[in-house]
Amino acid sequence: MSEAVELGFPSLRLVPKAEGKQSAKDFKSDQEVRWCPGCGDYAILAGVQSFMPELGLAKENIVWISGIGCSSRFPYYMNTFGMHSIHGRAPAIASGLAITRPDLSVWVVTGDGDALSIGGNHLIHALRRNVNLKILLFNNRIYGLTKGQYSPTSELGKVTKSTPMGSLDQPFNPVSLALGAEATFVARTIDSDRKHLTETLRAAAEHEGTALVEIYQNCNIFNDGAWDPLKDAEHRDSLTFRLEHGQPITLVDGSRGVVRAADGSLQIADVSAVGTDALLIHDVHSEDPSVAFALSRMSDPMSLANTPIGVFRDVRRTPYDALFAEQMAAAKAGGSDDLATLLAGSDTWEIT
Amino acid sequence: MGKQTVQLDRVIIRFAGDSGDGMQLTGDQFTSRTASFGNDLSTLPDFPAEIRAPAGTIPGVSAFQLHFADHDITTAGDTPNVLVAMNPAALKANIRDIPRGADIIVNTDEFTPRNLTKVGYDTNPLEDGSLQSYAVHPIPLTSMTVEALKGIEITKKEAERAKNMFALGLLSWLYHRPTEGTVTFLKQKFAKKPEILAANITAFEAGWSYGETTEDFSVQYEVKPAVMAPGRYRNMSGNLALAYGLIAASQRAELPLFLGSYPITPASDILHELAKHKRFGVMTFQAEDEIAGIGAALGASYGGMLGVTTTSGPGVALKSETIGLAVSLELPLVIVDVQRGGPSTGLPTKTEQADLLQAMFGRNGEAPVPIVAPRSPGDCFDAAIEAVRIATTYRTPVFLLSDGYVANGSEPWSIPEVDSLPDLRVQFATEHNHTKADGTTEFWPFLRDPETLARPWAVPGTKGLEHRIGGIEKADGTGNISYDADNHEKMVRLRQAKIDGISVPDLEVDDPDGDARVLVLGWGSTYGPINAACQMSRRKGSSVAQAHLRHLNPFPANTAEVLRRYDKVVIPEMNLGQLALLIRGRFLVDAIPYNQVRGLPFRAEELAGVIKDVVASV
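Residues numbered from 1 in each chain as written. Chains lettered and ligands numbered in written order. Predicted model: local features only at pLDDT ≥ 70, side-chain atom pairs only at ≥ 80, totals over all residues. Heavy atoms only, no water.

Caption draft 1: Spatial organisation of the overall build of chain B. Across its full length, chain B carries 20 helices and 25 strands. Its C-alpha radius of gyration of 27 Å places chain B within 12% of the 25 Å reference for a compact globule of 618 residues. By its C-alpha atoms, chain B is 95 × 60 × 45 Å across when sized along the principal axes. Classification of the 618 residues of chain B by burial places 62% in the buried group. Counting contacts in chain B only where the partners sit at least 6 residues apart, residues at least 24 apart contribute 77% of the total. For chain B, the computed accessible surface area is about 23400 Å², with 50% contributed by carbon and sulfur atoms. Positive and negative side-chain charges in chain B, numbering 58 and 73 respectively, have mean positions lying 2 Å apart. (Helix = DSSP H or I, 4+ residues; strand = E, 2+ residues; numbered from the N terminus. Rg over C-alpha atoms; globule rule 2.2 N^0.38 Å. Buried < 20%, exposed > 50% of the residue type's maximum accessible area, 1.4 Å probe, protein only. Contact = heavy atoms within 4.5 Å. Areas by Shrake-Rupley, 256 points an atom, 1.4 Å probe, with all protein chains shown as cover. Lys, Arg positive; Asp, Glu negative; His and termini not counted. Charge placed at Lys NZ, Arg CZ, Asp CG, Glu CD.)

Listed below in structure tokens is the structure:
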């Protein structure tokens, strides 16, 4: 394939660079976007299309792979290579592609049902393997394409068409799940916050290995306003922790912060009472995932109080595909690749 | 001290013992020596699904049958001439298959009251006269082995474990097998354990010497080498041949092979084998489940690799949705199904042909998939190459339907010249293929080759060919999402026409007498038993024709014509009549199904009986 070039993004160093300057328009396909008017997916699509030129990659070397669901229509709207596959299986298909083609930048688009319900197995195994994939998980806490059943992230007691008396399912916290699945990069962002979305995409793109980005996304038809407390100007700053590497972990309004209690657990305290020096400093590169996990558990799934937004974890572990390539190279250096020798084996006889 | 040598034209030996007795290894070694001696041969390993069932019990019996001859043979044989029974369970489990007059070599050390009781013998069959009509050779194999190994620094248990080599030595003497190969094999296997190596070689030699000196065996047998076509040969098992066929196809296609797989009996050996051959650019990926195995393979195919997945029937069930996606995406993919007894978990280590209709129809919607089936262990090599040819030429998933019998069986294999293998190179799309009304050009991912109806294989990384594909119905040509009624009708028919139009070789008929009125039609691993049965029938004066289908979808173009030539068509299958259903439905031929699902291949003699009855009825 094409020659490799050195880029600012280490995970993309084997991907050929674009010849000219790109713009968001270059990444818009000729297909009419068919999400419901007002859907949060529009904002994410626009955010991604405007971020892509920053990578400076040849767009024919970018591939978007999705499963099934509203979010999974995403590849059709990107003027790159793309595959709209089957429900839940995008990480598996993308793994096969990414392992065999290090010259590609492979992105997976999935939803809370696609990734966490029918495709849960593929998601956790992709994360533990650490294949060079970027997974964008659009979480709207509902099944949209099937018209409004509860999802694995819906809150307990959720009344939907399939749960008229309320959901009995304990929801998944996608960040906690990913951290438990040995993920090397886990982040969370919000569809409507373009600046934060772009920053998070950049961090994910820079990461070597699998990056999981949970994007809180609004389904204005079946679960409208699910994330409103984190969006409206009146409440968001008092509900949201902004995770920034090297910075103390506080609510955006600065009123409360995270401290470590005597028993080692994390606690939320008034900053005025404990002082800024007592606040926990966020370390995305900590090998030990326990603080990241504890942070992921702070939020209340019902009220959304104390929801951390940002990069939870970003550690270096040689990606699966790099190790795979190393084994291939070692094997090729170490033996004959003569087909006739292989077929003959060592124990033959001649009949004349 | 020479004994009398008796010439035989063929021999069937069955080694049977406990799962831990090393019967498969013993059988393999006897087979290798027999192969290099130049006999034609065919083998049937038969082992339990449990790794180590309780010792000394019937479920724990593992057996290996070998048929070797001075002439061309195609089955592992119906009835053994010799049974080697390492314990009472092995005797009890196998005695009903042994014809009167046959030799039975038993390890008397294991015939203890406790072991006899364990398998339900009230009295010792070696003493109660129940084996009177057999030539029983009672030998204390274990204690003689332990005695022979005195002086070697190993435990008693380790010494006892070498008893299979004592048995192998005895059988090698009895049938004039060369010994060097076995010694070489042991030296390699136990290179790092000199005491165990010494024990095994000593036991092997002790077994040989015992044969020479004991009065229990008055004669030695000899089976002369078979007359086979000139060439260089090796012994070849089905799974190995299939793995080699995939590697060869990858080399000839100049496409790196990517295997996405999940372990399952009896297909795992293909994964193991391919994992050894990274130097040929072979990539193997053990996925988290069957679905991910095929998903990764499809992803690799999308990226321009030769994507392959290997599994057995239960795995195919899980992969069905992805196979449907591959049909819709029109990407090359090879799905290897090494069939086993079903339904559900069924009989993991036993053979069956009951996945034919699953391969044919087991998907939602109209989702035609070509099917190729090997007829013998060595034929798995050619069948794999053929499956790859169809997949890459027609941009379609292809089923390769092997089964437990051909997968684990082995036969002499004429090593092909690499240059004689087909050229499978493919052309990826590199440029626009459609001119718009305004004179500009663009890429249409679903613009078809007029001859093959295959769409372009446009791999990511190809400048200017950015496009999106998916499982949603797509517009003919552009590939854009389309819910249009007429377009869907057109696309369904196009996908079907593409598969129906695959060029496959004509069905050949073997009718040496030229006047047969009965045709025996088979597919897959039943070739051997059907062939042996037809030969048997002809020797007894019945005219019968044989035809064997390698391509089950599409059928060869001359199939209808061949079927109509005969008054009666008999279809033996290891299922309840799946090919018969297809033949009846497709060709309106009132085929006569003959079906067995015993987890074992047909017996030739039984099939010959069926043929005789049908021939008599026309």
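So that's the structure; there's more coming.
Caption draft 2: Structural view of the overall build of chain A. When helices and strands are tallied, chain A shows twelve helices and eleven strands. Taken over the C-alpha trace, chain A has a radius of gyration of 22 Å; the compact-globule value for 352 residues is 20 Å, and the two agree within 12%. Each principal axis of the C-alpha distribution contributes one length, and for chain A these read about 90 × 50 × 45 Å. Residues counted as buried form 58% of the 352 residues belonging to chain A. Taking contacts inside chain A between residues at least 6 apart in sequence as the whole, the part at least 24 apart equals 67%. A total of about 14200 Å² of accessible surface is found on chain A, and carbon and sulfur atoms cover 52% of it. Here chain A carries 31 positive and 42 negative side-chain charges, and the mean point of each set is 4 Å from the other.

Caption draft 3: Examining helix 16 (residues 485–500) of chain B more closely. Residues and elements named next belong to chain B. Taking 1.5 Å per residue as the helical rise, helix 16 with its 16 residues ought to reach 22 Å, and the 23 Å between its terminal C-alpha atoms agrees with that figure. Among the structural elements, helix 12 (313–329), helix 14 (379–394) and strand 23 (551–553) are those in contact with the buried residues of helix 16. Sitting at the amino-terminal end of helix 16 is Asp484, which places a side-chain oxygen 3.2 Å from the backbone nitrogen of Asp486. (Expected span 1.5 Å × (residues − 1). Polar contact = N/O pair within 3.5 Å; in protein donor to acceptor, adjacent residues only side chain to side chain.)

Caption draft 4: Region of interest: the sheet that holds strand 14 (residues 371–372) of chain B. All names here are of chain B. The strand order 11-10-12-13-15-14-23 describes an open sheet built from seven strands, whose pairing is mixed. Both outer strands of the open sheet, strand 11 (283–286) and strand 23, are each paired with one neighbouring strand and no more. As judged from the two bridges shared by strand 14 and strand 23, these two strands associate in the antiparallel manner. Counterpart to Val372 in the pairing with strand 23 is His551. In the packing of helix 14 onto the sheet, contacts are made with strand 12 (306–311), strand 13 (333–339), strand 14, strand 15 (397–403) and strand 23, and the angle to strand 15 comes to roughly 165°. (Pairing = 2+ DSSP bridges. Axes fitted to C-alpha atoms, helices over the stretch in contact; angles between N-to-C directions.)

Caption draft 5: Expanded view of the sheet that holds strand 2 (residues 10–18) of chain B. Residues and elements named next belong to chain B. The strand order across the open sheet formed by six strands is 3-4-2-5-6-7, and the pairing between neighbours is mixed. The sheet is open, and its two borders are formed by strand 3 (40–46) and strand 7 (135–139), each paired with just one other strand. Direction aside, the axes of adjacent strands within the sheet are offset by 15° on average. Seen against the sheet, helix 1 (residues 23–37) touches strand 2, strand 3 and strand 4 (61–69) and runs at an angle of roughly 10° to strand 4. Relative to strand 6 (residues 103–107), helix 6 (residues 163–174) is tilted by about 155°, and along the sheet it contacts strand 2, strand 5 (82–85), strand 6 and strand 7.

Caption draft 6: Representation of the packing of aromatic side chains in the model. Scanning all chains against the criterion turns up 22 aromatic pairs over all chains. When the ring of Phe74 of chain A is compared with that of Phe138 of chain A, the centres are 5.8 Å apart and the planes differ by 85°; the resulting orientation is edge-to-face. Of the two residues, Phe74 of chain A sits in the loop between strand 1 (62–66) and strand 2 (81–84) while Phe138 of chain A sits in strand 4 (residues 133–139), which places them 64 residues apart along the sequence. As far as burial versus exposure is concerned, Phe74 of chain A and Phe138 of chain A are alike and both buried. Judged by centre distance (5.8 Å) and plane angle (35°), the ring pair of Tyr320 of chain A and Phe324 of chain A falls under tilted. Here the residue Tyr320 of chain A and the residue Phe324 of chain A both occupy positions in helix 11 (residues 320–334), the gap between them amounting to four residues, near one helical turn. According to the relative accessible area criterion, Phe324 of chain A is buried, its value standing at 8%. Here the aromatic residues Trp35, Tyr42, Trp64, Phe74, Tyr77, Trp107 and Phe138 of chain A are joined through ring pairs into a cluster of three or more. Lys92 of chain B extends its terminal NZ or CZ atom over the ring of Tyr121 of chain B, reaching a point 5.0 Å from the ring centre. Its guanidinium or amino end placed over the ring of Tyr527 of chain B, Arg375 of chain B lies 4.1 Å from that ring's centre, counting from NZ or CZ. (Phe/Tyr/Trp six-rings, centres within 6.5 Å; stacked < 30°, edge-to-face > 60°. Lys NZ or Arg CZ within 6 Å of the ring centre and 35° of its normal.)

Caption draft 7: The interface of chain A and chain B, seen in detail. Facing 57 residues of chain A, the contacting portion of chain B comprises 69 residues. Summing the contributions of chain A and of chain B, the shared interface buries around 5500 Å²; its carbon and sulfur component is 64%. When the area that chain A buries against chain B is broken down by residue, the three leading residues are Phe81, Leu343 and Trp349 of chain A, summing to 15%. Counting across the chain A and chain B interface gives three salt bridges. Between chain A and chain B we count 24 residue pairs in polar contact (both at pLDDT 80 or more) in total. Going through the elements one at a time, strand 2, helix 2 (90–100), helix 4 (120–129), helix 11, helix 12 (339–344) and strand 11 (348–351) of chain A are the ones with two or more residues in the side of chain A that touches chain B. Considering only residue class, the side of chain A that touches chain B consists of 23 nonpolar, 20 polar and 14 charged. Pairing of strand 2 of chain A with strand 19 (residues 468–470) of chain B involves three bridges; the strand directions are parallel. Paired with Met83 of chain A across the bridge in strand 19 of chain B is Ile469 of chain B. (Buried area = accessible area lost by both parts, 1.4 Å probe. Salt bridge = Lys/Arg side-chain N within 4 Å of Asp/Glu carboxyl O. Nonpolar A, V, L, I, M, F, W, Y, C, P; charged D, E, K, R; others polar.)

Caption draft 8: Spotlight on the pattern of salt bridges. Applying the stated criterion across every chain yields a total of 36 salt bridges over all chains. For Arg495 of chain B, the salt bridge is made with Glu473 of chain B, and the minimal N-O distance between the two is 3.0 Å. Placement of Arg495 of chain B in helix 16 and of Glu473 of chain B in the loop between strand 19 and helix 16 is noted, with a sequence separation of 22 residues between them. Each of Arg13, Glu208 and Arg316 of chain A takes part in a single network of salt bridges with overlapping partners.

Caption draft 9: Looking closely at the domain arrangement of chain B. All names here are of chain B. One can read the domain layout of chain B as domain 1 (4–222), domain 2 (234–420), domain 3 (427–503) and domain 4 (509–617). Spacing between the C-alpha centres of domain 1 and domain 4 amounts to 36 Å. Listed as interface residues are seven residues of domain 1 and, on the opposing side, eleven residues of domain 4. Interface of domain 1 and domain 4: buried area, both sides summed, is about 680 Å²; carbon and sulfur atoms make up 51% of it. The salt bridge involving Asp97 is made with Arg603; its shortest N-O contact spans 3.3 Å. Tallied by class, residues from the side of domain 1 that touches domain 4 come to one nonpolar, three polar and three charged. (Domains from an automatic or database assignment.)

Caption draft 10: Geometry of the packing of helix 2 of chain A against helix 11 (residues 290–302) of chain B. One can describe the packing of helix 2 of chain A onto helix 11 of chain B by two numbers: an axis separation of 6 Å at closest approach and a directional angle of 45°. When the interaxial angle is binned, helix 2 of chain A and helix 11 of chain B end up oblique. In this structure, helix 2 of chain A meets helix 11 of chain B at a crossing whose hand is right-handed. Residue-level contacts link Ala92, Ile93, Gly96, Leu97 and Thr100 of chain A of helix 2 of chain A to Ala292, Gly295, Ala296, Gly299, Ala300 and Tyr302 of chain B of helix 11 of chain B. Looking at the contact of helix 2 of chain A with helix 11 of chain B, its residues break down into seven nonpolar, four polar and no charged. (Parallel < 35°, antiparallel > 145°, perpendicular 65-115°, else oblique. Left-handed = near helix turned anticlockwise from the far one by under 90°.)

Caption draft 11: Broad picture of helix 11 of chain B. All names here are of chain B. In this model, helix 11 (13 residues) spans 18 Å end to end at C-alpha, consistent with the 18 Å of a helix rising 1.5 Å per residue. Burial of helix 11 is extensive: 13 of the 13 residues sit out of reach of the surface. The N-cap residue of helix 11 is Asp289: its side-chain oxygen and the backbone nitrogen of Ile291 are 3.1 Å apart. At the exit of helix 11 stands Gly304, carrying a positive phi of roughly 95°.

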